[in-house]
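An overview of the molecular structure
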Amino acid sequence: MGQMTVKRVGVIGGGQLAWMMAGAAQRLGFDLVIQTPQKGDPAVSIATEVIFAPIEDAAATAQLSACCDVITFENEFIDLEALKPLETKGVCFRPSLGVLTPLLDKYQQRSYLQQIGLPVPKFTTLETLSSLDFSFPMVLKVRRHGYDGQGTFIIQTSQELEATAKSLNGVEVMVEEFVPFERELAVMAARSVTGEVVVYPVVETYQPDQVCRWAIAPGDISTEIQAEIEQIATHLLTQLGVVGIFGIELFLTPQGQVLVNEIAPRTHNSGHYTLDACETSQFEMQLRAVAGLPLGSTQLNCLGAVMVNLLGYEYSQQDYLEKRQKLSEIPSFHVHWYGKTDVRPGRKLGHVTVLLEETEAILSPKIRQQQLLEIAQQVESIWYPS
Ligand code: ADP
């Protein structure tokens, strides 16, 4: 390992995270071979070759492995057990399947994080809930396949708990304390084949209704909190022996305590700002890590940035060309449009990144944060119907 020469990178999943790997793949000279179910998926247009199949189809991944040198993930909703024989036969997954094993189920992930000594919210299973000291509100989470708040329920009463559990029809869930966080933070971190770990600036995310609306980089946090989160990231990636990039979502409590909420074993929405605002984007970093190259710099190339998601707000087949052009008319707006054809409320259709340039370096962090917030509001006022 490490000595292998990579030309073709296989990617399981063909959504926007795979689509955004295209620029870096081209610069580094890699071809992307993608496993994704539908012709209309964003990354189909940028792939050298596509295996059209569901993400969890391990037979399709066997086909994928025959036409690439290494396989990485943009989606972790895989059938891990079915993939194991491929790894045994020598197919190179980065991160390896062993790394993913404790992460794909939210309860197991929490248990793992706790076991390696990371701070997490108090959590348990529904079965053992009654014997524990848990009070309302609490949060019920479906253990597998949750994303963008799908499968996350904030529960206020025992009647609500019973009704929600019942409506889930036996799907496995976990329960955790509701954290009255002051802010939500997130960070991207990568680890190379040689064990080098790099950590990006910590960002502040805003996720009302459990879907990320925007992220501000860097977050307005103390150097101590930044250092603590860097340590958490380094410890996690090193303990797991990750080769690749991870997103880590965290809560900052009013008392200044950092709690790890969730790990994404891949690139992440909270790292989209890196495409325009960092020396090495999260997508290039992922490719560098999985291809066995030295990692790049995680430094910001500007004073700060805000990334605003363009979320669907209706059911439609529109391409919103007029709105996108309106956004693009503002020269400092970097518009990224994923080309999805099926729009529904809350679906991530694109994003806009705006950078604060060095000339604004005199700004205090508070004013800088305020400016970035105002830019986020400006983007949203153009995008969403009033
Ligand atoms: P998903 O996998 O769907 O992204 P998350 O666990 O990240 O699910 O939860 C989505 C959002 O729900 C979080 O970003 C946060 O805003 C809210 N949330 C999740 N867990 C808690 C909690 N324990 N306390 C308070 N809010 C929470």
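Structure shown above.
Residues numbered from 1 in each chain as written. Predicted model: local features only at pLDDT ≥ 70, side-chain atom pairs only at ≥ 80, totals over all residues. Heavy atoms only, no water.

Details of the nonpolar core
Quick reminder of the rule: In plain words, nonpolar cores are sets of buried Ala, Val, Leu, Ile, Met, Phe, Trp, Tyr and Cys residues tied together by side-chain atoms within 4.5 Å. Each residue gets one of three labels from its accessible area relative to the maximum for its type: buried under 20%, exposed over 50%, partly exposed in between, using a 1.4 Å probe on protein chains only. Runs of H or I in DSSP of at least four residues are treated as helices and runs of E of at least two as strands, each being numbered from the N terminus.
Leu236, Phe246, Leu250 and Val260 are the most contacted members of the largest nonpolar core, which has 30 residues in total. Looking at this core, the elements with two or more residues in it are helix 6 (106-115), strand 9 (183-191), helix 8 (223-240), strand 13 (244-252) and strand 14 (258-264).

Things to note about the environment of Ala47
Just so we agree on the cut-off: Should any heavy atoms of two residues lie within 4.5 Å, those residues are counted as being in contact.
By the secondary structure assignment, Ala47 is in the loop between strand 2 (31-36) and strand 3 (49-52). Taking the C-alpha atoms as reference points, Ala47 and Asp57, 10 residues apart in sequence, are found 19 Å from one another. Contacts of Ala47, omitting those with residues within four sequence positions, involve Leu32 and Ile34.

Concerning the packing of helix 11 (residues 321-328) against helix 12 (residues 365-383)
Packed helices, taken two at a time, are described by the angle their axes make and the gap between the axes. Selection criterion: Axis lines are fitted to C-alpha atoms, over the contacting stretch for helices. Their N-to-C directions set the angle, which ranges from 0 to 180 degrees. Oblique is the label for any angle not under 35 degrees, not over 145, and not in the 65 to 115 range, which are roughly parallel, roughly antiparallel and roughly perpendicular in turn. Handedness of a helix crossing follows the sense of rotation of the near helix relative to the far helix, less than a right angle counterclockwise being left-handed and clockwise being right-handed. Put simply, Ala, Val, Leu, Ile, Met, Phe, Trp, Tyr, Cys and Pro go in the nonpolar bin, Asp, Glu, Lys and Arg in the charged bin, and everything else, Gly too, in the polar bin.
Running from N to C, helix 11 and helix 12 cross one another at 150°; their axes reach a closest spacing of 9 Å. On the basis of the axis angle, helix 11 is roughly antiparallel to helix 12. In terms of crossing hand, the pair formed by helix 11 and helix 12 is right-handed. Seen from helix 11, the contacting residues are Lys323, Lys326 and Leu327; seen from helix 12, they are Val379, Ile382 and Trp383. Its residues assigned to classes, the contact of helix 11 with helix 12 comprises four nonpolar, no polar and two charged.

Digging into the site of the ligand
Where we set the bar: Being near a molecule or strand, for a residue, means having at least one of its heavy atoms within 4 Å of it. In protein, a polar contact requires one atom able to donate a hydrogen and another able to accept it; more generally it is a pair of N or O atoms within 3.5 Å, and residues adjacent in sequence count only if both atoms are side-chain atoms. Here the accessible surface of atoms and residues is derived via Shrake-Rupley with a 1.4 Å probe, and residues count as covered only by protein chains that are part of the display.
The local shell around the ligand holds 20 residues, among which Lys106, Lys141, Gly149, Glu176 and Glu184 are the closest. Within the side chain of Lys106, one N or O atom sits 2.6 Å away from an oxygen atom of the ligand. Glu177 places a main-chain nitrogen or oxygen 2.9 Å from a nitrogen atom of the ligand. Protein chains bury 95% of the 550 Å² of accessible surface belonging to the ligand in isolation. Secondary structure elements with two or more residues in the shell around the ligand: strand 6 (138-142), strand 8 (173-177), strand 13 and strand 14. Split into classes, the residues belonging to the shell around the ligand amount to six nonpolar, six polar and eight charged.

Comments concerning the sheet that holds strand 2
Put simply, the test is: For two strands to pair, DSSP has to find at least two bridges joining them.
The four strands are arranged 3-2-1-4 in an open sheet whose pairing can be described as parallel. Of all strands in the sheet, those bounded by a partner on one side alone are strand 3 and strand 4 (70-73). Averaged over neighbouring strand pairs, the angle between their axes works out to 25° when direction is ignored. With four bridges connecting them, strand 1 (residues 8-12) and strand 4 associate as parallel partners. By the bridge assignment for strand 4, Val9 is matched with Val70. Strands strand 1, strand 2, strand 3 and strand 4 of the sheet are contacted by helix 3 (residues 58-66), whose axis makes an angle of about 170° with strand 2.

Some remarks on the sheet that holds strand 8
Taken together, the four strands give an open sheet; going across it, the order is 5-8-6-7, and neighbouring strands pair in antiparallel fashion. In the strand order of this sheet, the two ends are held by strand 5 (123-125) and strand 7 (152-155), each with one partner. In this sheet, neighbouring strand axes are inclined to one another by 25° on average, regardless of whether the strands run parallel or antiparallel. Looking at chain direction, strand 5 and strand 8 are connected through three bridges and run antiparallel. Bridging from a neighbouring strand, Thr124 pairs with Val175 of strand 8. Packing of helix 6 onto the sheet brings it into contact with strand 5, strand 6 and strand 8, and relative to strand 5 it is tilted by some 135°. Lying on the sheet, helix 7 (residues 158-167) is in contact with strand 6 and strand 7; it crosses strand 7 at an angle near 160°.

A closer look at the packing of helix 3 against helix 4 (residues 80-88)
Orientation of helix 3 relative to helix 4, taken along the N-to-C sense of each, is 30°, at an axis distance of 9 Å. Comparing the axis directions of helix 3 and helix 4 gives the class roughly parallel. By crossing handedness, the relation of helix 3 to helix 4 is classed as right-handed. Here Ala58, Thr61 and Ala62 of helix 3 come into contact with helix 4, specifically with Ala82, Leu83 and Leu86. Its residues assigned to classes, the contact of helix 3 with helix 4 comprises five nonpolar, one polar and no charged.

Things to note about unusual backbone geometry
That bond from Arg94 to Pro95 is cis: its omega, 0°, falls within 30 degrees of zero. The topology assignment puts Pro95 in the loop between helix 4 and helix 5 (97-100). In the segment running from Phe136 into Pro137, the intervening peptide bond is cis, with an omega of -5°. Tracing the chain through its elements places Pro137 in the loop between strand 5 and strand 6.

Examining the pairing of strand 11 (residues 203-206)
A regular strand carries its side chains on alternate faces of the sheet. By the bridge criterion, three bridges tie strand 9 to strand 11 in an arrangement that is antiparallel. Paired with Glu184 across the bridge in strand 11 is Thr205. As judged from the three bridges shared by strand 11 and strand 12 (residues 214-217), these two strands associate in the antiparallel manner. Residue Glu204 lies in a different strand from strand 12, and its bridge partner there is Ile216.

Some words on the pattern of salt bridges
A side chain of one charge can pair with a side chain of the opposite charge when the charged atoms of the two come close. For clarity, the threshold we go by: Criterion for a salt bridge: a side-chain nitrogen of Lys or Arg within 4 Å of a carboxyl oxygen of Asp or Glu.
Enumeration over the complete set of coordinates arrives at 16 salt bridges. Glu284 is the partner of Arg27 in a salt bridge, and the nearest nitrogen-oxygen pair spans 3.4 Å. Highlighted residues: Arg27 in helix 2 (residues 22-28) and Glu284 in helix 10 (residues 282-290), separated in sequence by 257 residues. The exposure class assigned to Arg27 is exposed, which follows from its relative accessible area of 60%. Residue Glu284 is classed as buried on the basis of its relative accessible area of 12%. Between Glu172 and Arg143 there is a salt bridge, with its nearest N and O atoms 3.7 Å apart. Of the two residues, Glu172 is situated in the loop between helix 7 and strand 8 and Arg143 in the loop between strand 6 and strand 7; the sequence distance between them amounts to 29 residues. Of the residues examined, Arg143 reaches a relative accessible area of 11% and is grouped as buried. It is possible to trace a salt-bridge network through shared partners that takes in Arg8, Asp31 and Glu49.

In short, shape yes, function no, at least from these values alone.
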